[in-house]
Amino acid sequence: MSKLEVKLNNMLQFASEQEVMSYREKINLCQKQIEEKSGKGNDFLGWVNLPAEITEEQLKSVEKVAAELRGKSEIVVVVGIGGSYLGAKAVIEALGNSFSMLNDNGTKVLFAGNSICEDYHAELLKVLDKHSYSIVVISKSGTTTEPAIAFRLLKQHLESKVGKSEAASRIVAITDQSKGALRKLADTEGYRTFIIPDDVGGRYSVLTPVGLLPIAIAGFDIRKMVEGARKAMSDTAANVPFEQNPACQYAAARNALYAKGKKVEIMVNYTPKLHYVTEWWKQLYGESEGKENKGIFPAGVDFTTDLHSMGQYIQEGERFIFETVLSVSNSSNKLTIPEDPDNLDQLNYIAGKRLSEVNHMAKLGTIVAHNDGGVPNIQISIPELSEYWIGYLLYFFERACAISGYTIDVNPFDQPGVEAYKKNMFALLGKPGFEEQGAELRKRLGI
Ligand SMILES: O=P(O)(O)OC[C@H]1O[C@](O)(CO)[C@@H](O)[C@@H]1O
């Protein structure tokens, strides 16, 4: 069927249909708050109508810059962390060939500034010594330490390689319209810029240039992605009844399970291509809901790979988990299992079957096994891995996340808790103004 489906039949033995339905009134109210911009964090609802509001002019300018960078770069390094990284990474991994790194044609998109790992960045600079490259630096605040460090390294490397003026033409900054260190730097250096709207938070920004530019550079059709997101926008809008609204159904189901003590949601995929969609989803739901000592903990596994590592725990460990199985109905390629005359591996009983069929049976078998082990399963499926369906899926998750956050009465659009580690890191590194905290922390750490 050509639609995103949310199936609840393998969770209803843990939270009944009535229990899911009991969220209808509350969720309808949450939907109204999103639509009318009357709930908590209502100044961060720019993502809601974003798919419909993206203009032809905006798409064209993203495509133009993408084509230009592709034209002159073997590599484009995308610098960013969290919401300024994960959306693009998720889409590029989901849609790309698994072995594109070995393919000689086309510009490669590499990421930096999503860690402070010395080896990673040193190794990257060595690679960049040998290749032509450009940089897309993304930071909404413009002050995040990890991308700022990476960008300082890359800027110096590129300037010493091609000269300051050519470097400036190879650097694109995506940041706030007027505030922050990156905006100041971009204006001073004359970089081309794209704007992250004030009312769109990092984790909801994949359909702004934050996601669209790197995705276009990687060679994917951002128009189809936006088209998919537009359809998701109308399918999940407040005027679509609760029973037919996939975002409402998902939000209600996970909250019904949460109320039953299922405090950890494990996002399950059956293709490694979706690994980073899970990482993107983890940030979206973790930063949106995890506050005021509330919220489902979002975790992720890649099956069947992790059935051989995490499968034991999921089957028989503490019963505070539920799974959301995200699957893709149709593979893009066809591969059947060959017949073997010796049959020493005893696989001839599945000879002639497609790998996707075996994977599907692994999925169904696992759902039932985990149900028997006390783990509820929500199922979400999309027809195929394409720009359209990824755009649809990402918007669907955003909408369901906002609904879900409002359902537990938190502000799904802020992330005050992230500051705590940053302050301690600054204090330990001796940032001016943090001297007192630094001394206290060193005492607590015994250093
Ligand atoms: O785009 P920025 O401002 O660099 O922020 C990156 C990420 O850091 C956070 O602000 C958390 O520190 C995330 O919410 C955000 O996605």
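Just so it is clear, the structure is predicted and the values come from calculations on it, not from any experiment. (Residues numbered from 1 in each chain as written. Predicted model: local features only at pLDDT ≥ 70, side-chain atom pairs only at ≥ 80, totals over all residues.)

1. What to know about the overall build of the protein chain
Next, step 1: A tally of regular secondary structure across the protein chain gives 18 helices and 10 strands.
Next, step 2: For the protein chain, whose C-alpha radius of gyration is 23 Å, the value lies close to the compact-globule estimate of 22 Å for 447 residues.
Next, step 3: With respect to the three principal axes, the spread of C-alpha positions in the protein chain is 60 × 60 × 55 Å.
Next, step 4: Counting only residues that meet the buried cut, the protein chain has 42% of its 447 residues in that class.
Next, step 5: In the protein chain, the proportion of contacts linking residues at least 24 apart, taken out of those at least 6 apart, comes to 79%. (Helix = DSSP H or I, 4+ residues; strand = E, 2+ residues; numbered from the N terminus. Rg over C-alpha atoms; globule rule 2.2 N^0.38 Å. Buried ≥ 20, exposed ≤ 12 C-beta atoms within 10 Å, placed from the backbone. Contact = placed C-beta atoms within 7 Å.)

2. Details of the sheet that holds strand β8 (residues 297–302)
Next, step 1: Read across the sheet, five strands follow the order β1-β10-β9-β7-β8 without closing on themselves; strand pairing throughout is mixed. Either end of the sheet is taken by a strand with one partner, and the two such strands are β1 (5–7) and β8. Strand-to-strand twist of the sheet, defined as the mean angle between neighbouring strand axes without regard to direction, takes the value 20°.
Next, step 2: Against the sheet, helix α12 (residues 246–259) touches β1, β7 (264–269), β9 (321–330) and β10 (377–384), its axis set at about 155° to β10.
Next, step 3: In the packing of helix α15 (residues 355–372) onto the sheet, contacts are made with β9 and β10, and the angle to β9 comes to roughly 165°. (Pairing = 2+ DSSP bridges. Axes fitted to C-alpha atoms, helices over the stretch in contact; angles between N-to-C directions.)

3. Regarding the site of the ligand
Next, step 1: Around the ligand there are 14 residues in total, and G82, G83, S141, T144 and G202 lie nearest to it.
Next, step 2: Classifying every residue of the shell around the ligand by side-chain character gives three nonpolar, eight polar and three charged. (Near = placed C-beta within 6 Å. Nonpolar A, V, L, I, M, F, W, Y, C, P; charged D, E, K, R; others polar.)

4. Remarks on unusual backbone geometry
Next, step 1: For the bond running from F303 to T304, omega is 5°, close enough to zero to count as cis.
Next, step 2: Counting through the fold element by element, T304 comes out in the loop between β8 and α14 (311–316).
Next, step 3: Unlike most non-glycine residues, N293 shows phi in positive territory, near 60°.
Next, step 4: As for its placement among the helices and strands, N293 is situated in the loop between α13 (275–289) and β8.
Next, step 5: One non-glycine residue with positive phi stands out, namely Q346, at about 55°.

5. Focus: the domain arrangement of the protein chain
Next, step 1: Taken domain by domain, the protein chain comprises domain 1 (5–41 + 226–407) and domain 2 (50–222).
Next, step 2: Computed over C-alpha atoms, the centres of domain 1 and domain 2 are 29 Å apart.
Next, step 3: Opposite the 20 residues of domain 1 that make contact, domain 2 presents 21 residues.
Next, step 4: Elements with a contribution of two residues or more to the side of domain 1 that touches domain 2: α11 (222–235), α13 and α16 (387–407).
Next, step 5: Element by element, the count of residues in the side of domain 1 that touches domain 2 is highest for α13, at eight residues.
Next, step 6: Residue composition of the side of domain 1 that touches domain 2, grouped by class: 12 nonpolar, two polar and six charged. (Domains from an automatic or database assignment.)

6. Things to note about the pairing of β10
Next, step 1: In this structure, β1 lies alongside β10, joined through three bridges in antiparallel fashion. Bridged to V6 within β10 is I380.
Next, step 2: Traced from β9 through α15 to β10, the parallel crossover comes out right-handed. (Right-handed = clockwise from strand over helix to strand, strands pointing away.)

7. Observations regarding the UniProt feature "active site" (unreviewed entry) in the protein chain
Next, step 1: Mapped onto this structure's residue numbering, the UniProt feature "active site" (unreviewed entry) falls at E287 and K422.
Next, step 2: With 24 C-beta atoms counted inside 10 Å, the residue E287 sits in the buried group.
Next, step 3: Apart from the residues lying within four places of it in its own chain, the contact partners of E287 are R203 and Q415.
Next, step 4: Among the structural elements, K422 can be located in helix α17 (residues 419–429). (UniProt positions renumbered as here; feature names shortened; annotations may be inferred.)

8. A few points about α13
Next, step 1: In this model, α13 (15 residues) spans 21 Å end to end at C-alpha, consistent with the 21 Å of a helix rising 1.5 Å per residue.
Next, step 2: The secondary structure elements touched by the buried residues of α13 are α5 (86–95), β7, β8 and α16. (Expected span 1.5 Å × (residues − 1).)

9. Topic: the sheet that holds strand β5 (residues 171–175)
Within a sheet, neighbouring strands are paired by backbone hydrogen bonds and run either parallel or antiparallel to one another.
Next, step 1: Taken in spatial order, the five strands make up an open sheet running β3-β2-β4-β5-β6, and their pairing is parallel. A single partner strand is all that each edge strand has here, and the edge strands are β3 (108–112) and β6 (192–195). Across this sheet, the average inter-strand angle for adjacent strands is 20°, counted without regard to direction.
Next, step 2: Bridging between β5 and β6 involves four bridges; their strand directions are parallel. Bridging from a neighbouring strand, V172 pairs with R192 of β6.
Next, step 3: Seen against the sheet, helix α9 (residues 181–189) touches β4 (133–139), β5 and β6 and runs at an angle of roughly 145° to β5.

10. What about the environment of G295?
Next, step 1: Relative to the elements of secondary structure, G295 occurs in the loop between α13 and β8.
Next, step 2: The exposure class of G295 is buried, given the 20 C-beta atoms found within 10 Å.
Next, step 3: Spatially, the C-alpha atom of G295 lies 9.3 Å from that of N255, the residues being 40 residues apart in sequence.
Next, step 4: The residues touching G295, leaving out its near neighbours within four places in the chain, are E289, G290, I408 and V410.

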